Structures are given as C-alpha cells and as structure tokens.
Amino acid sequence: VRNGQQLNDKIVRILRQLGLDKMLPIPQPIDLLKDYTGIGQGFQNTGAVGVAIMPFDEVEALPLHMAIFFPTTNLETMIAGMTPQPIEGEKGMWQVNLLGEPSVVGRKNNFAVIGPSKEIVRAIIQSKTKIITKIKPDRVAAFEKSDAMVWADGASGAKIIKAAMT
C-alpha cells in the first residue's frame with residue numbers, strides 16, 4: 001500500500017457512496033488496524049505498508065517467512081500497546097503480541113518490521129538488497145500511481161509453488 005491515509009480515505013468514500021453510513025457508523029480502516037493490532041501513536045498514517053516473504057523451501061513454511069513493514073515515526077511509541085519485551089542479545093528488537101500471536105519487531109530505516117521470528121526480522125534488517133532494484137521500471141511507475149500493488153520475485157518461490165500444485 002503506497003499511502004495508508006489515502007487508501008483509508010478512498011475506502012470510507014466508497015462506503016459512503018454505497019450509503020452504508022446511513023445504516024451504521026463507518027469506522028476509519030486505519031483506526032481499526034491500530035485497535036486490532038495494538039499499534040500506537042508512532043504509526044505514520046501517510047506512509048507505505050508492505051509485506052516481505054523471505055526465501056523458503058516448502059509451501060507450509062510460508063507463514064514463518066513473512067514480515068510486515070509498517071511506517072513509523074517512533075518505533076517505541078508505536079509498539080507500546082503490543083506489550084514489547086526486549087530480546088536478550090538482539091539490540092533494537094522486541095518480542096511483541098500481534099493479534100494474539102507472539103511476533104518480533106525491529107527497525108529498518110523508517111519502518112517497523114514485524115515477523116514471526118528474530119531470524120526473519122534480523123535477515124530483513126541486515127539485508128542490503130533494495131526491492132526497488134528488483135522491480136522493472138514500468139512496474140515502479142505503475143506503483144507510484146496505484147493505491148496498492150503486489151509484486152513477487154518469481155525466481156525465489158516459483159519451484160516450490162509449482163511443486164505444490166502438481
């Protein structure tokens with residue numbers, strides 16, 4: 001998602017155009033996200049939100065190799081409602097509770113990276129590869145005009161997915 005606040009506003013506008021605001025109060029999607037996840041004031045509403053999938057060997061392992069990127073202006077304030085506990089031996093990483101699941105959070109630039117394990121979060125934080133270098137310029141241009149985009153590096157998971165489908 002390129003800009004959370006713009007997407008939020010478009011969703012609310014569509015719901016109002018459908019007349020749903022006359023039947024029930026329309027909540028702000030960003031507020032729902034914050035309420036359900038425990039994300040606090042450090043969340044940057046106008047930033048991009050993304051998901052990364054790290055390399056994996058079996059389809060069943062996919063959920064253990066995913067991480068969410070949330071834009072943040074202050075990571076510690078943002079995660080305060082997620083009962084953060086510092087991880088011993090891991091500077092700048094915390095164990096948190098995300099939607100009832102134990103998760104790990106760390107910082108990469110202006111993003112909170114939330115994943116299922118310290119190994120996944122550490123790999124993302126330490127990675128020197130920028131996704132923008134793997135995306136063709138025409139796709140980057142399309143993303144700049146879109147509210148949301150899905151992109152996958154087919155070379156990383158194609159064999160696993162193909163094998164699972166046969």
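Note: the structure precedes this text.
The shown structure was predicted, so the numbers you read here are calculated from the model rather than taken from an experiment.

On to the pattern of salt bridges, then. Per the stated rule, a full pass over the model turns up two salt bridges. The salt bridge partner of Glu 90 is Arg 122, with a shortest N-O separation of 2.6 Å. Placement of the pair is Glu 90 in the loop between strand E3 (85-86) and strand E4 (94-98) and Arg 122 in helix H4 (residues 118-126), with a sequence separation of 32 residues. Judged by relative accessible area, which is 15%, Glu 90 ranks as buried. Overall, Arg 122 belongs to the partly exposed group, its relative accessible area being 25%.

On to the nonpolar core, then. Within the largest apolar cluster, 14 residues are counted, with the highest numbers of intra-cluster contacts made by Phe 70, Ile 79, Met 82 and Val 105. If you list the elements that add at least two residues to this core, you get helix H3 (75-79), E4 and strand E6 (111-115). Apart from the residues within four sequence positions on either side, Phe 70 is in contact with Leu 33, Ile 39, Phe 43, Val 49, Met 78, Asn 110, Phe 111, Ala 112 and Ile 114.

Turning our eyes to something else, we now look at unusual backbone geometry. The backbone of Thr 83 shows a phi angle near 45 degrees, a positive value even though the residue is not glycine. Along the polypeptide, Thr 83 turns up in the loop between H3 and E3. Look at Leu 99: it is not a glycine, yet its phi comes out positive at around 55 degrees. Tracing the backbone through its elements, the reader meets Leu 99 in the loop between E4 and strand E5 (101-108). According to the relative accessible area criterion, Leu 99 is exposed, its value standing at 60%.

About the criteria used
- Residues numbered from 1 in each chain as written.
- Predicted model: local features only at pLDDT ≥ 70, side-chain atom pairs only at ≥ 80, totals over all residues.
- Heavy atoms only, no water.
- Salt bridge = Lys/Arg side-chain N within 4 Å of Asp/Glu carboxyl O.
- Helix = DSSP H or I, 4+ residues; strand = E, 2+ residues; numbered from the N terminus.
- Buried < 20%, exposed > 50% of the residue type's maximum accessible area, 1.4 Å probe, protein only.
- Core = buried A, V, L, I, M, F, W, Y, C linked by side-chain atoms within 4.5 Å.
- Contact = heavy atoms within 4.5 Å.

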